[in-house]
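One-letter residues, chain by chain:
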Amino acid sequence: MGGADISVKAIRELLASRGFSFSKSLGQNFLVDADIPEKLARLSGVDQSCGVLEIGPGLGALTSALSRRAGQVLAVEIDKRLIPILRDLFTESVNVEIMQGDIMRQDIAKLVSDKMPDMRYHVCANLPYSITTPVLTVLISSGVFETITVMTQKEVARRICAQPGSSEYGAFTVFVNYHSSEAETLFDVNPECFLPRPEVFSSVITIRTRPERLLDAEDELFFFRVTRAAFGHRRKTLTNALRAAFGDILGKTDIEGSIRECGLDAHIRGEMLDLEEFVRLSTLIRRIYGK
Ligand code: SAM
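Residues numbered from 1 in each chain as written. Predicted model: local features only at pLDDT ≥ 70, side-chain atom pairs only at ≥ 80, totals over all residues. Heavy atoms only, no water.

A. A look at the packing of aromatic side chains. Evaluated as defined, the whole model comprises 11 aromatic pairs. Where phenylalanine 172 meets phenylalanine 175, the ring centres are 5.8 Å apart and the plane angle is 15°; that geometry is what we call stacked. Of the two residues, phenylalanine 172 and phenylalanine 175 are both situated in helix 8 (residues 171-179); the distance of three residues between them amounts to about one turn of the helix. The burial state of phenylalanine 172 is the same as that of phenylalanine 175; both residues are buried. (Phe/Tyr/Trp six-rings, centres within 6.5 Å; stacked < 30°, edge-to-face > 60°. Helix = DSSP H or I, 4+ residues; strand = E, 2+ residues; numbered from the N terminus. Buried < 20%, exposed > 50% of the residue type's maximum accessible area, 1.4 Å probe, protein only.)

In structure tokens form, the structure reads like this:
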């Protein structure tokens with residue numbers, strides 16, 4: 001199934017004919033390098049069995065590449081001015097649906113299963129930078145996507161793929177690790193590949209979600225409280241950071257005891273713990289805290 005083809009020339013002509021001006025607040029930096037959407041679509045691994053949710057199709061550069069590979073593409077765009085342009089571009093693409101809406105206001109699991117029933121769900125997008133973290137949080141939490149392949153600011157990509165002990169490693173890294181079996185950077189993208197050019201470099205990352213839960217729902221909430229607390233005071237030791245959050249019930253010895261029971265030094269800092277250590281520690285602390 002062929003999608004519409006969009007080139008730099010076509011973009012410029014479209015913009016001129018419709019008097020379109022870019023919205024900075026909506027993160028409108030459109031891809032004008034045709035290789036990047038192709039590469040993103042190819043490396044995402046989507047095929048005819050897949051229903052792809054695209055967030056922010058813009059002028060359809062990625063939508064077009066996706067429509068050539070995926071079974072179906074649902075492209076949700078907030079900017080009403082772009083909808084008629086997109087509908088014109090994809091009028092002949094039977095596997096593309098353009099929907100006007102704010103992705104942050106959707107019931108995402110229901111949306112994809114209503115619009116693309118009985119498919120394997122994936123996300124591919126060049127995300128608006130201002131909402132990258134909240135969008136990724138709702139996409140990952142929805143629990144319906146096998147993979148999430150997105151372009152983000154390079155700095156955010158580094159945080160997501162960071163290793164314990166590095167300065168980029170934080171509570172969001174642990175959140176992504178908790179829900180995924182793998183998060184990796186696929187390639188970097190220069191500002192010249194966009195119109196208008198952003199001030200920052202970008203990276204394409206892929207997150208392969210984990211089908212099984214690691215903890216029960218209640219323990220999960222507590223787990224995220226522990227990880228947020230651990231990174232809440234980066235200069236403090238883990239013991240002191242946890243005392244600041246749970247000191248109403250837990251004493252220093254309880255916390256130090258739990259950290260040691262995980263095989264860790266009581267003076268360790270939170271950013272040194274990997275996912276498994278956080279899971280073990282939060283389970284032990286919850287046992288004492290919940291008494
Ligand atoms: N996919 C296009 C490309 O790669 O050329 C455009 C990407 S541009 C970085 C981000 C797009 O997301 C814009 O078209 C913008 O209007 C749209 N957008 C911003 N906030 C949105 C939201 N909350 N829901 C849906 N789309 C949104």
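B. Summary view of the packing of helix 9 (residues 217-232) against helix 12 (residues 275-289). Contact geometry for helix 9 and helix 12: axes closest at 9 Å, N-to-C directions at 110°. By the criterion of interaxial angle, the relationship of helix 9 to helix 12 is roughly perpendicular. Of the residues in helix 12, those touching helix 9 at Glu218, Asp219, Phe222, Phe223, Arg225, Val226, Thr227, Ala230 and Phe231 are Leu275, Phe278, Val279, Ser282, Ile285, Arg286 and Tyr289. (Axes fitted to C-alpha atoms, helices over the stretch in contact; angles between N-to-C directions. Parallel < 35°, antiparallel > 145°, perpendicular 65-115°, else oblique. Contact = heavy atoms within 4.5 Å.)

C. Representation of the sheet that holds strand 7 (residues 180-189). With mixed pairing, seven strands are arranged side by side in an open sheet as 4-3-2-5-6-9-7. Strands with a single pairing partner mark the edges of an open sheet, and in this sheet they are strand 4 (96-100) and strand 7. In this sheet, adjacent strand axes meet at a mean angle of 15° when their direction is disregarded. In this structure, strand 2 (residues 50-55) lies alongside strand 5 (residues 120-126), joined through four bridges in parallel fashion. If you follow cysteine 50 over to strand 5, its bridge partner there is arginine 120. Along the sheet, helix 4 (residues 82-89) contacts strand 3 (72-77) and strand 4; its crossing angle with strand 4, the most-contacted strand, is approximately 170°. Relative to the sheet, helix 5 (residues 108-115) contacts strand 2, strand 3, strand 4, strand 5 and strand 6 (145-153), its axis offset from that of strand 3 by approximately 135°. (Pairing = 2+ DSSP bridges.)

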